[in-house]
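Coordinates in review
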Amino acid sequence: MHAIKGTGSIERVERISTPAPQRARGKAHVSAKVRDGVSVLKDLHQSGSMRVLFPRPASPPTAMLLNTAGGVTGGDKFDISVAADAGAHLSVTTQAAERIYRATHGSCGALLNEIRVEDGARLNWLPQETILFEGSHVSRRLSVDLAETAQTLIVEPLVFGRAAHGEILRDATFREHVRIRRSGRVIYADGIHLTGDIAAQMQGAAYGNGAGAMATLILVAPNADRHVATIRERCAEILGIRAGCSLLAQDLLLMRVLAHDSFEMRRLLLPVLDDLTGGTLPTCWRL
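These remarks concern the structure in this document. (Residues numbered from 1 in each chain as written. Predicted model: local features only at pLDDT ≥ 70, side-chain atom pairs only at ≥ 80, totals over all residues. Heavy atoms only, no water.)

**Points about the overall build of the protein chain**
- Along the protein chain, the regular secondary structure elements total three helices and 19 strands.
- If one aligns the C-alpha atoms of the protein chain with their principal axes, the spans along those axes are about 85 × 45 × 35 Å.
- Within the protein chain, buried positions represent 47% of all 287 residues.
- Per element, the accessible surface of the protein chain, about 14,000 Å² overall, is 51% carbon and sulfur.
- Between the mean site of the 33 positive side-chain charges and the mean site of the 29 negative ones, the protein chain shows a separation of 4 Å. (Helix = DSSP H or I, 4+ residues; strand = E, 2+ residues; numbered from the N terminus. Buried < 20%, exposed > 50% of the residue type's maximum accessible area, 1.4 Å probe, protein only. Areas by Shrake-Rupley, 256 points an atom, 1.4 Å probe, with all protein chains shown as cover. Lys, Arg positive; Asp, Glu negative; His and termini not counted. Charge placed at Lys NZ, Arg CZ, Asp CG, Glu CD.)

Shown next as C-alpha cells:
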C-alpha cells in the first residue's frame, strides 16, 4: 500500500506495510493414570489458544477442550495429545462445536490430534461438531496408538455450513487423515478430501447424496460385535437418516452417518453414544 504526502511543491511517496494477520497457536497434553484403583489426572500441559477444563463431578474423568481463539482460520495450528496409562479411563470432548472460519487465499488451518492408550485402558475421543464456514480451508489429522488390550471410542461429527444462515459451501477445503494402530500395526486407515464446490460434490450419491452433516464413529473394544444389532436398530428408528454400521474385525466397529443437518445427526448420535459409553456421555453433549 502507498500513501502520498505533500510537502510544498514536492510530493513524497511512502510505502505503508500491512502487518500479517495474527495466527492462533494452541497446544494441549492431557493424560490419566490409576491411583488407588481410580482413574485420575496424571499430566496436564496447555499453551497458547488452547485450554483444558475438567467439569466435576465426572466419571470417568473428562477433559474438555476449549479454543480461546473462538475458531480456526487459515494459518492457525492446534496440537492436541491425550493418553491413558495402563488400566486408566479418560474421556475427551469439546466445550462446543469447533468453527472453521473463512481463510485468506492459499492459507490453511491445521488440527493435529494424537491419542495413546496403554494396556487395559480406555480413552473416549468425543469432540462435538466441526462446522465448516464458506471459504474455510482446514487439514485435520488423527493418529491413534493402542496397546494390545487397549480400547477406544472415537466420534468425529462434521457440518457443511451454517444451516440457519442458509450457507452453502462453494469454495472450501476439508482434508482429514485417520490412522489407528494396534501394537504398531495399522488396523484402520481412512481419509477425506473435499475441495472447491463442496455443496455440489455432496449432491452425488458417491459422497453424501445432499447431506448437510456427516459423522464417523469407531469403536475398538473386545465386545464391539455385541453393539452392531443395537446400533442398526437405532439407525432404523430415525427417519431421514442414512446410516450404516459394520464390523470390520471382531473388535473393530465402524458407523457412518449422513443427515440433513446437525440436529438430525445428533438425534442418532446421542442414543448411540449413550449406549457405547454406558450412560457416561459428557454433559456438554446435551446442552
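So, next bit.
**Quick notes on the packing of aromatic side chains**
- Across all of its chains, the model carries one aromatic pair by this definition.
- On the numbers, 5.0 Å between centres and 85° between planes, the contact of Y101 with F133 is edge-to-face. With Y101 in the loop between β9 (98-100) and β10 (109-117) and F133 in the loop between β12 (130-132) and β13 (137-146), this residue pair connects regions lying 32 residues apart in the sequence.
- A residue is classified by how much of its surface remains accessible, and Y101, at 32% relative accessible area, is partly exposed. (Phe/Tyr/Trp six-rings, centres within 6.5 Å; stacked < 30°, edge-to-face > 60°.)

**Observations regarding the nonpolar core**
- Counting residues in hydrophobic clusters, the biggest one holds 50 residues, and the most contacted among them are L123, W125 and F160.
- In this structure W125 touches L65, I80, V82, V92, N113, I115, L142, L153, I154, V155 and E156, once residues within four positions along its chain are discounted.
- M64, I231, M255 and W285 belong to the second-largest nonpolar core, a separate cluster that totals 33 residues. (Core = buried A, V, L, I, M, F, W, Y, C linked by side-chain atoms within 4.5 Å. Contact = heavy atoms within 4.5 Å.)

**Here's the deal with the pattern of salt bridges**
- Applying the stated rule across the entire model yields 15 salt bridges.
- A salt bridge links D85 to K42, with the shortest nitrogen-to-oxygen separation between them at 2.8 Å. Of this pair, D85 sits in the loop between β7 (77-84) and β8 (89-94) while K42 sits in strand β4 (residues 38-48), and the two are 43 residues apart along the sequence.
- Note on K42: relative accessible area 39%, which makes it partly exposed.
- Overlapping salt bridges bring together K42, D85, R116 and E118 as one network. (Salt bridge = Lys/Arg side-chain N within 4 Å of Asp/Glu carboxyl O.)

**A short note on helix α3 (residues 262-276)**
- With 15 residues, α3 should reach 21 Å at 1.5 Å per residue; the first-to-last C-alpha distance of 20 Å fits that figure.
- At L269, α3 is deflected by roughly 25°, the largest bend along its length, and proline P271 occurs up to four residues later in sequence.
- Looking only at α3, the buried set comprises M265, R266, L268, L269, V272, L273 and L276.
- In this fold, the buried residues of α3 make contact with β11 (122-126), β14 (151-160), β17 (213-220), α2 (228-237), β18 (242-249) and β19 (252-259).
- For α3, the N-terminal capping position is held by D261, with its side-chain oxygen 3.2 Å away from the main-chain nitrogen of F263.
- A positive backbone phi angle near 65° is found at G278, which sits one or two residues after α3. (Expected span 1.5 Å × (residues − 1). Bend = angle between axes of the 7 residues up to and from the residue. Polar contact = N/O pair within 3.5 Å; in protein donor to acceptor, adjacent residues only side chain to side chain.)

**Quick notes on α2**
- Those residues of α2 that fall on the buried side of the exposure criterion are V228, I231 and C235. Each buried residue of α2 sits inside an arc of 70° when the element is viewed along its axis, so together they form one side. Of the exposed residues in α2, the ones pointing more than 90 degrees away from its buried face are E233, A236 and E237.
- Taken together, the buried residues of α2 touch β18, β19 and α3. (Arc of directions from axis to C-beta.)

**Some points on unusual backbone geometry**
- Cis geometry is adopted by the peptide bond preceding P60, which originates at S59 and carries an omega value of 5°.
- With respect to the helices and strands, P60 occurs in the loop between β5 (50-53) and β6 (62-67).
- The backbone of D36 shows a phi angle near 55°, a positive value even though the residue is not glycine.
- Within the fold, D36 resides in the loop between β3 (25-35) and β4.

**What about the environment of A163?**
- Of note, A163 is situated in the loop between β14 and β15 (172-182).
- Taking C-alpha positions, A163 is 7.0 Å from D261, a pair spaced 98 residues apart along the chain.

**Notes on a positive patch on the surface**
- A cluster of basic residues, R23, R25, K27 and K77, forms a positive patch on the protein surface.
- Mapped onto the elements of the fold, K27 is located in strand β3. (Patch = residues over 30% accessible without salt bridge, like charges linked within 9 Å, V, L, I, M, F, W, Y side chains within 5 Å.)

**Digging into the side chain of E98**
- With respect to the element layout, E98 can be found in strand β9.
- Of the side chains with opposite charge, R99 lies nearest to the buried E98, which makes no salt bridge, at 6.3 Å.
- In terms of polar contacts, E98 uses its side chain to reach the side chain of N67, at 3.4 Å.
- Contacts of E98, omitting those with residues within four sequence positions, involve N67, G71, V72, E129, T130 and I131.

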